[in-house]
Amino acid sequence: MKFRGFVFIIFLILWKNNASSQPDYIHLAPGAQSVALGSASIDGLLSPAAIYWNPGALAFASSRQLFLGIDGPFSINYFGVSDFFPAIGALGLAFSAIPLQPQSLQTTTFAWGNDFSSNVGLGLNLNFHEIDQEYYTSMGVGSYFQIPSRKTILYRSQFLAKFIDDGVIGFGLNALNIPVFDHQTNYSIRMGFRYDTPGKGPKLQYVAHIQKTQTSHHLGFGYQFLPFFSLFAGAQDFDLKKGAIGFRLKDKNYAFDFCWTNENKSVQASIQMILGKSAPERAQEHLARAEDFLREQNYRQSILEFEHSLRFVKNDSIIRLVKYLYTKKQEEDKYLDSLTLEGLKHQNQKNYLTAELFYKRVLKVDPTSRVALENRRIIAPYVQALSQRLLKNANDHFAQGDLLNTRKYLRAFLHFQEHNYEAEQFLKLVNDSLQQSAQIHFYRGWGYEEQKNYLRAKEEYELAVECDPESDQIRRRLQNLTNRLQREARIRDQQIATFLQLARQMRERKNQVGAYTNYQKVLNIDPSNFEAQEGIKQTRFEVQSYLARNLKNARRLFERNDLSSAENLFKEIKNLAALESSFSNYESESNNYLQRINNSRAAECDQLYNEGLRKLQEQNWQIARDYFQKMIALNCKQRIAMEKMQEVTLRLQADSLSEVGQVLFQRGELLKAMQVYQQANQILPESQLVLIQIEKCQAEINKKIDEHFNRGMSFYNEQNYNQAITEWEKVLTYNPDHYDSIDYIQRAKKRLDALNQFK
């Protein structure tokens, strides 16, 4: 709004300054920008001014526009409007009032222009003139060739690439005032070219204006300094006295042009307004919709949208794409014909619901298919009756509590009777109930999964998915469990293959017992494995013989009182016999002997324990430890034996440390002896012997402290401070916190310092 107000003020200033000017024939040219270029225009700069300059360029003014040319205060000498219509091209209407001396010329012009390609435009205009109440008509023809100097890709989508012109070279030809209805008038031919450099670069135009009696040359130059400001200059016949200069202020939908003509010392202005969307913008909208349809593989609608876009803007790549889409449409037509034939076949077989499905598939692709529409109309009563039967089946299953089949029939009914409110509400009620059932099955399956009952959990999850197929939570849980079961199945298969391979190898080595054991491992995983079952049958006799031999050997070892060897053999017999119920007698006899061995060991264990306690009381630690070690070897009273072993070990360590401390004490190394005694005390705090040794050592240390301290005091009193300090430092080796020694050391040092200063 501020920009428009500023321009309005400039208009008032221009009108005021131009009030006394007298227009002449040069003001025939509409558009201040064209005049500023020295009237070197062949296209009206693609505005409704092209109705006057060149109707061939009118088609490239592809938006709805309004144009006003102003010459003097409140003096509109040109009014033009134009619009673009896809079917016929661009149409324009202009009114001009040309003040000549002493009469005036008023002209009404109708114009038409069309672009026959993306670069070529042709046009016609029809003029109705009035001069001093005399009327006559004239006609003009025009052409415009727009040649892009270079193209740059603006964007590339999945299907199309849009290009922009970096530079345009334009050629124009316009013949005006062709006699019409026997009125003889002067002809006027305007021909020239224009060149626009890329972006904000300069613009150059040249026009040769050929009239009946003379020819004039017009040259113009323009430059865009800012996105909203451009400057123009031009001259006629290369004469600066016939020159002009002007500028343009522009925003998105408006352009305001002003110019000063040197020859007439006058100011002209013009306004160009864009109303609505331009043809390229409307073409782009159709292109966007066409690409959306193309992504959906809806070739028919995409072809229509592409053809609509071509009505606004010609584009060779789109034309080629449309041709390709027509081939895809032909393939689609064959597919639709096959669907239609299937529908007709089922219709003849009175499978009306199936026929309806085929016809609906046809109409989804081609809503205008007459065959599908007509046959749907024919079978509609049958489809209605059969769909009602589906609804009845849904009600029957609902009454029986079968919600899954109820949902199935309701969905089938709604597939044929869309937007049935009652059926939709019924289906919603069923879905809500099924969702509740799905949650019940889901949490039940979760519970089975926590109990590691995976097969039952999978069954519950599958029921939950059947009730609520759209639940991502249930599907993920089922998928995770399925993956886990598949992994475990692969592991089981690998284990079975490994055990079977081992069984075969052992049978080759005549190790029938090992083979039998691996076959049993296979049957524990897969009881129905045929190879394992046959292997058990073939090795059972050898295993039974092996059990009998080992049982006989175990009895002999037991009788010899070799209990450890007998126990190991009986355990082997027991484990092997437990694999099959037919060997239960071997298992029971092994258990009996193992019980007898345990009883024998219990009596021996009690005897060892009592002997160990007795030696412990006698403080004969080494022999006590031997007894407890035998208990551990016999695997009896393990916990008690370990505790006693630990106690004996600590006592042995304490005794060893006490002996080391005693040696150090005798050597006079009291501090080291005290450290060893304290370690022994930490290991065995209740040892009275260690405590006595600690007290004895501490008393000796105290005695040493008193001796060194008293000796130090004697040296101090004799003023032998160095010897005194030496004695007190020895005290600190025994007791670093001895306060009196620390105090007297400080005093002695001060006295030594004083004596040194006195000297």
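Calculation notes
Residues numbered from 1 in each chain as written. Predicted model: local features only at pLDDT ≥ 70, side-chain atom pairs only at ≥ 80, totals over all residues. Heavy atoms only, no water. Helix = DSSP H or I, 4+ residues; strand = E, 2+ residues; numbered from the N terminus. Buried < 20%, exposed > 50% of the residue type's maximum accessible area, 1.4 Å probe, protein only. Contact = heavy atoms within 4.5 Å. Areas by Shrake-Rupley, 256 points an atom, 1.4 Å probe, with all protein chains shown as cover. Expected span 1.5 Å × (residues − 1). Arc of directions from axis to C-beta. Lys, Arg positive; Asp, Glu negative; His and termini not counted. Salt bridge = Lys/Arg side-chain N within 4 Å of Asp/Glu carboxyl O. Polar contact = N/O pair within 3.5 Å; in protein donor to acceptor, adjacent residues only side chain to side chain. Patch = residues over 30% accessible without salt bridge, like charges linked within 9 Å, V, L, I, M, F, W, Y side chains within 5 Å. Phe/Tyr/Trp six-rings, centres within 6.5 Å; stacked < 30°, edge-to-face > 60°. Axes fitted to C-alpha atoms, helices over the stretch in contact; angles between N-to-C directions. Parallel < 35°, antiparallel > 145°, perpendicular 65-115°, else oblique. Left-handed = near helix turned anticlockwise from the far one by under 90°. pLDDT = per-residue confidence, 0-100. Pairing = 2+ DSSP bridges.

Topic: the overall build of the protein
When helices and strands are tallied, the protein shows 22 helices and 14 strands. Split into buried and exposed, the 759 residues of the protein put 41% on the buried side. Of the contacts made within the protein by residues no fewer than 6 positions apart, 47% connect residues no fewer than 24 positions apart. About 43,300 Å² of surface is accessible on the protein, with carbon and sulfur atoms providing 53% of the total.

Quick look at helix H21 (residues 721–734)
Helix length check: H21 (14 residues) gives 20 Å between terminal C-alpha atoms against 20 Å at 1.5 Å per residue, within 8%. Listing the buried residues of H21 in full gives Tyr-721, Ala-724, Ile-725, Glu-727, Trp-728 and Val-731. Around the axis of H21, the buried residues are gathered within 165 degrees of arc, so they sit on the same side.

Overview of the side chain of Arg-190
Summarising the element assignment, Arg-190 is placed in strand S8 (residues 188–196). Within the buried set, Arg-190 has no salt-bridge partner at all; the shortest N-O distance to an opposite charge, 9.9 Å, is to Asp-43. Of note is the side chain of Arg-190, whose polar atom sits 3.2 Å from the backbone oxygen of Trp-53.

Some remarks on a nonpolar patch on the surface
On the surface, a cluster of nonpolar side chains totalling about 1,000 Å² of accessible area is made up of Leu-204, Leu-219, Phe-221, Tyr-223, Phe-225, Leu-226, Phe-228, Leu-231, Phe-238, Ile-245 and Trp-260. It is strand S10 (residues 215–226) that contributes the most residues to the nonpolar patch, five residues altogether. Within the secondary structure, Phe-221 sits in strand S10. Assessed through its relative accessible area of 42%, Phe-221 is described here as partly exposed.

As for the packing of aromatic side chains
On inspection of all chains with the given rule, the structure shows 26 aromatic pairs. Ring centres 5.0 Å apart and planes at 65 degrees place the aromatic pair Tyr-223 and Phe-225 in the edge-to-face group. Considering the side-chain rings of Tyr-254 and Phe-256, the 6.4 Å spacing of their centres and the 10 degrees angle between planes classify their relative orientation as stacked. Given the relative accessible area of 22%, Tyr-254 is considered partly exposed. In this structure Phe-256 comes out as buried when scored by relative accessible area, which is 6%. Through a chain of ring-to-ring contacts, three or more aromatic side chains come together here, namely Tyr-223, Phe-225, Phe-229, Phe-247 and Phe-258.

Observations regarding the pattern of salt bridges
For the structure shown, the criterion picks out 28 salt bridges. Residue Arg-300 is joined to Asp-366 by a salt bridge in which the shortest nitrogen-to-oxygen separation is 3.7 Å. In this pair, Arg-300 sits in helix H5 (residues 299–312) while Asp-366 sits in the loop between helix H7 (352–365) and helix H8 (370–399), placing the two residues 66 residues apart along the sequence. What makes Asp-366 buried here is its relative accessible area of 12%. Close ionic contact of Glu-488 with Arg-484 constitutes a salt bridge, the shortest N to O distance being 3.6 Å. Here Glu-488 pairs with Arg-484, and both are found in helix H12 (residues 472–508), just four residues apart, close to one helical turn. On the accessibility criterion, Glu-488 (26% relative accessible area) is partly exposed. According to the relative accessible area criterion, Arg-484 is partly exposed, its value standing at 31%. What you see here is one network of salt bridges that share partners, running through Arg-300, Lys-329, Glu-332, Asp-333 and Asp-366.

Some remarks on H12
A rise of 1.5 Å per residue sets the reference length of H12, with its 37 residues, at 54 Å; its end C-alpha atoms lie 54 Å apart and thus fit the reference within 8%. Turning to H12, its buried residues are Ile-474, Leu-478, Leu-481, Thr-482, Leu-485, Ile-496, Phe-499, Leu-500 and Ala-503. Where H12 is buried, its residues contact helix H10 (421–450), helix H11 (454–467), helix H13 (512–525) and helix H14 (530–559).

Brief notes about the packing of H11 against H12
Between H11 and H12, the least distance of the axes is 10 Å, while the angle of their chain directions is 150 degrees. Classified by the angle their axes make, H11 and H12 are roughly antiparallel. The crossing of H11 and H12 is left-handed. Here H11 contributes Tyr-454, Leu-455, Ala-457, Lys-458, Tyr-461, Glu-462, Ala-464 and Val-465 to the contact with H12, which in turn contributes Ile-474, Arg-475, Arg-477, Leu-478, Leu-481, Thr-482, Arg-484, Leu-485 and Glu-488.

Comments concerning the environment of Leu-404
Mapped onto the elements of the fold, Leu-404 is located in helix H9 (residues 403–416). Take Leu-404: its relative accessible area is 27%, and that puts it in the partly exposed class. Here the alpha-carbon distance between Leu-404 and Asp-468, two residues 64 residues apart in the chain, equals 9.8 Å. Those residues within four positions of Leu-404 in sequence are excluded, and the remaining contacts are Leu-434, Glu-466 and Cys-467.

Some words on unusual backbone geometry
Most of the time, phi is negative for any residue but glycine, and the peptide bond is trans. Located in the positive-phi region is His-419, a residue other than glycine, with phi close to 60 degrees. On the basis of relative accessible area, His-419 is assigned to the exposed category, the value being 70%. Located in the positive-phi region is Gln-719, a residue other than glycine, with phi close to 65 degrees. Of the residues examined, Gln-719 reaches a relative accessible area of 56% and is grouped as exposed.

Notes on the confidence of the model for the protein
Averaged over the protein, the pLDDT score is 80; the fraction of residues at 70 or greater is 84%. pLDDT under 50 marks residues 1–27. Its contacts with residues more than four places away, or in other chains, come to 42 contacts. With pLDDT under 50 throughout, residues 152–156 is counted as low confidence; its partners more than four residues away or in other chains account for 14 contacts.

Quick word on the pairing of strand S1 (residues 63–70)
S1 sits mainly inside the fold: seven of its eight residues count as buried. Summarising the sheet, S1 and strand S14 (residues 266–278) pair through eight bridges and their orientation is antiparallel. By the bridge assignment for S14, Leu-66 is matched with Met-273. Of the strand pairs in this sheet, S1 and strand S2 (residues 76–85) are connected by six bridges, and their pairing is antiparallel. By the bridge assignment for S2, Leu-66 is matched with Val-81.

A closer look at the side chain of His-286
Relative to the elements of secondary structure, His-286 occurs in helix H4 (residues 279–295). Classification of His-286 as buried rests on a relative accessible area of 15%.

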